[in-house]
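Residues per chain, in single letters:
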Amino acid sequence: KDAVLIARLTAQLRCYLPEPVDETWGRLRHLGARREALLTEHTACVQQIRDLLECVWPAAMQAAKHPFKSTNWVAALTVIVVRDGGDLARTRRLGVDRWAEQVRREVIRRGKVKPCLRIVRALFKALSDASGVQSHRLGALERVGWVLADWDAVRANRTVVEQRMVAVLDELGVTELVCTIPGLSAVGAAAILAETGDLRRFTSARAVVKHAGLAPRE
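Summarised in this report is the structure supplied together with it. (Residues numbered from 1 in each chain as written. Predicted model: local features only at pLDDT ≥ 70, side-chain atom pairs only at ≥ 80, totals over all residues. Heavy atoms only, no water.)

## Notes on the overall build of the chain
Step number 1: Within the chain, the secondary structure is distributed over ten helices and zero strands.
Step number 2: Each helix and strand of the chain, placed in order from N terminus to C terminus, yields the pattern α-α-α-α-α-α-α-α-α-α.
Step number 3: Scaling as 2.2 N^0.38, a compact globule of 218 residues should have a C-alpha radius of gyration of about 17 Å, whereas the chain reaches 24 Å, well beyond that.
Step number 4: For the chain, the spread of C-alpha atoms along the principal axes amounts to about 75 × 40 × 30 Å.
Step number 5: For the chain, buried positions account for 37% of its 218 residues.
Step number 6: The long-range share in the chain, meaning contacts at least 24 apart out of those at least 6 apart in sequence, stands at 70%.
Step number 7: Summed over all atoms, the accessible surface of the chain reaches about 13100 Å², with 56% contributed by carbon and sulfur.
Step number 8: Each charge sign in the chain was given a centre, from 34 positive and 24 negative side chains, and these centres are 6 Å apart. (Helix = DSSP H or I, 4+ residues; strand = E, 2+ residues; numbered from the N terminus. Rg over C-alpha atoms; globule rule 2.2 N^0.38 Å. Buried < 20%, exposed > 50% of the residue type's maximum accessible area, 1.4 Å probe, protein only. Contact = heavy atoms within 4.5 Å. Areas by Shrake-Rupley, 256 points an atom, 1.4 Å probe, with all protein chains shown as cover. Lys, Arg positive; Asp, Glu negative; His and termini not counted. Charge placed at Lys NZ, Arg CZ, Asp CG, Glu CD.)

Structure below.
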């Protein structure tokens, strides 16, 4: 039925104009595609770390309510898997105070002012937890270190891409306009416009919705 509807609209010439060739809008589209790829890679890194930790060291996942949104948790995990190579016994020998100092340095490197001691101490306590597949722990934590490095690189690249997308909005002169929409940031608007292209080519709001694939039928 969708195909019949599309054919009928085409025959009646009730379609929006095809996207015009424009250098600025074209650049925004490619930046949007790059951002989408980075978001996919970001999600893949999170899933890999989650799967590995749940298998070999599940106690680490319980140290923070939302571990992957916590800079403190990520910084503490980085100290364990990068500085100490995933050797939990070596990390325990630091003691909680020296451990907190190492985490504080990593937190500052990641742009925060100071660590949340509650999360830091909870993760230090988890170092003594023996649950999980012990025989795979060292190798899995080594992999976590590599995935964390990939994750950091993805986040850095995403920041650069999003800054360029907002710069393109500035070039198009629509940044101030889109920021007046409640709940929509400049980056969010840039991501939408990267998919739709110049909205002036649509004859109505309904045409935009159809372009998004949300209402293919009447």
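## Section: the environment of glycine 32
Step number 1: By the secondary structure assignment, glycine 32 is in helix 2 (residues 23-56).
Step number 2: Judged by relative accessible area, glycine 32 falls into the buried class, the value being 10%.
Step number 3: Spatially, the C-alpha atom of glycine 32 lies 32 Å from that of alanine 64, the residues being 32 residues apart in sequence.
Step number 4: In contact with glycine 32, other than residues within four places in its own chain, are Met165 and Ala194.

## Describing the environment of arginine 35
Step number 1: Mapped onto the secondary structure, arginine 35 falls in helix 2.
Step number 2: If near-sequence neighbours (up to four positions away) are discounted, arginine 35 is found in contact with Arg158, Val161, Glu162, Met165, Val187 and Ala191.

## Some thoughts on the packing of helix 5 (residues 95-109) against helix 6 (residues 117-126)
Each pair of packed helices gets described by two things: the angle between the helix axes and the distance between those axes.
Step number 1: Interaxial distance between helix 5 and helix 6 falls to 10 Å at its minimum, and their mutual angle equals 125 degrees. Relative to helix 6, the element helix 5 lies oblique. By crossing handedness, the relation of helix 5 to helix 6 is classed as right-handed. Mapping the contact onto sequence places Gly95, Val96, Trp99, Ala100 and Val103 in helix 5 and Leu117, Val120, Arg121, Leu123 and Phe124 in helix 6. (Axes fitted to C-alpha atoms, helices over the stretch in contact; angles between N-to-C directions. Parallel < 35°, antiparallel > 145°, perpendicular 65-115°, else oblique. Left-handed = near helix turned anticlockwise from the far one by under 90°.)

## Remarks on helix 9 (residues 186-196)
Step number 1: The set of residues buried in helix 9 consists of Ala186, Ala189, Ala190, Ala191, Leu193, Ala194 and Thr196.
Step number 2: In this structure, the buried side of helix 9 is in contact with helix 2, helix 7 (134-172), helix 8 (175-178) and helix 10 (205-211).
Step number 3: Among the residues trailing helix 9, glycine 197 stands out with phi positive, at a value near 80 degrees.

Honestly, it's all geometry; don't read function into it.
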